[in-house]
Amino acid sequence: MFDANLWGQAESISVSQMALGGGVIFWAGYLLLRIGGWQIFGKKSALDYVILIVVGSVLSKIIIGDAPFFPATAACLVMVLLNRFISWLCAKYKWFSYLLEGKPVLLYGQGQFYWQNLKKSCISYQEFMQSLRLEMNTEHLQLIQSAMLESSGRISFVHKQNS
């Protein structure tokens, strides 16, 4: 069913072959996401981006006839299962999570910037303030208790508690 004549080759693929490939790969990709778990889209770690880009690239090569269906799909399945296993290890072992994803970095707290941490993280004052405006809809640092650079690359802000 999935031989080269059905899928076509990159140089001579027809519209119907590409449409068929697109439909089959859509469902194969959906199945891979179900196997891998939706967290690939949720937490957006560097590893998640790598998996999304590489799997998407391999699946697209199947559609246009540049890669054989079964070996390429098997490669995608291995990558998705490996990602799921690594995610499980990160959830089970904090040290493993820190090793792969890094630790959050304190950028602002107790009314002061931690300039050394900003510098090590390659974040300028302007970038910090832009994140503050986008995430908290304010430019007033006095409303902020702390700010952390998360392992995802986003800056998270904690509001001061009204006492």
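About the thresholds
- Residues numbered from 1 in each chain as written.
- Predicted model: local features only at pLDDT ≥ 70, side-chain atom pairs only at ≥ 80, totals over all residues.
- Heavy atoms only, no water.
- Helix = DSSP H or I, 4+ residues; strand = E, 2+ residues; numbered from the N terminus.
- Buried < 20%, exposed > 50% of the residue type's maximum accessible area, 1.4 Å probe, protein only.
- Contact = heavy atoms within 4.5 Å.
- Areas by Shrake-Rupley, 256 points an atom, 1.4 Å probe, with all protein chains shown as cover.
- Pairing = 2+ DSSP bridges.
- Axes fitted to C-alpha atoms, helices over the stretch in contact; angles between N-to-C directions.
- Core = buried A, V, L, I, M, F, W, Y, C linked by side-chain atoms within 4.5 Å.
- Parallel < 35°, antiparallel > 145°, perpendicular 65-115°, else oblique.
- Nonpolar A, V, L, I, M, F, W, Y, C, P; charged D, E, K, R; others polar.
- Phe/Tyr/Trp six-rings, centres within 6.5 Å; stacked < 30°, edge-to-face > 60°.

Student: Explain the overall build of the protein chain to me, please; I cannot follow it from the model alone.
Tutor: Assigned secondary structure in the protein chain consists of 8 helices and 4 strands. Counting from the amino terminus, helix and strand elements in the protein chain follow one another as α-α-α-α-α-α-β-β-α-α-β-β. Here the protein chain holds 163 residues, and 33% of them are scored as buried. Once local pairs closer than 6 in sequence are excluded, the contacts in the protein chain between residues at least 24 apart make up 48%. Summed over its atoms, the accessible surface of the protein chain is roughly 10600 Å², and 63% of this surface lies on carbon and sulfur atoms.

Student: In this structure, what is going on with the sheet that holds strand E3 (residues 144–149)? I would like to understand it.
Tutor: Taken together, 4 strands build an open sheet; the order of strands is E2-E1-E3-E4 and the sheet is antiparallel. Each edge of the open sheet is held by one strand with a lone partner, namely strand E2 (112–113) and strand E4 (155–159). Note that strand E1 (residues 105–109) and E2 share 2 bridges and pair antiparallel. When the sheet's bridge partners are listed, Gly109 is paired in E2 with Gln112. Packing against the sheet, helix H8 (residues 125–136) makes contact with E1, E2, E3 and E4, and its axis sits at approximately 60 degrees to E4.

Student: Explanation requested: the nonpolar core in the structure shown.
Tutor: Note on soluble globular proteins: their nonpolar side chains tend to be buried together. Ranked by size, the top nonpolar core spans 15 residues in total, and within it Phe128, Ile155 and Phe157 carry the most contacts. Put simply, the parts of the chain that give this core at least two residues each are E1, H8, E3 and E4. Ranked by the residues each element gives to this core, the list is headed by H8, at 4 residues. Among residues more than four places away in sequence, those in contact with Ile155 are Leu107, Ile123, Phe128, Ser131, Glu135, Ala147, Met148 and Leu149.

Student: What exactly am I supposed to notice about the packing of helix H4 (residues 46–63) against helix H5 (residues 69–92) here?
Tutor: One way to put it is that H4 packs onto H5 with a least axis distance of 9 Å and a crossing angle of 170 degrees. With respect to their mutual orientation, H4 and H5 come out roughly antiparallel. Contacts from Leu47, Asp48, Ile51, Val54, Val55, Val58, Leu59 and Ile62 in H4 reach Phe69, Ala72, Thr73, Cys76, Met79, Val80, Asn83 and Ile86 in H5. Looking at the contact of H4 with H5 residue by residue, the class counts come to 13 nonpolar, 2 polar and 1 charged.

Student: Explain the packing of aromatic side chains here, please?
Tutor: One pair of aromatic rings is described through two measures. These are the centre distance and the angle between the planes. For the structure on display, the rule yields 13 aromatic pairs. Ring pairing ties together the aromatic residues Tyr108, Phe113, Trp115, Tyr125, Phe128 and Phe157, which thus form one cluster.

Student: For this particular structure, what's the right way to read the pairing of E1?
Tutor: A regular strand places its side chains on the two faces of the sheet in alternate fashion. Pairing between E1 and E3: 4 bridges, direction antiparallel. Note that in E3 the partner of Gly109 across the bridge is Ser146. In sequence, E1 turns back onto E2 through a hairpin of 2 residues, with Gln110 there showing a positive phi of about 55 degrees.

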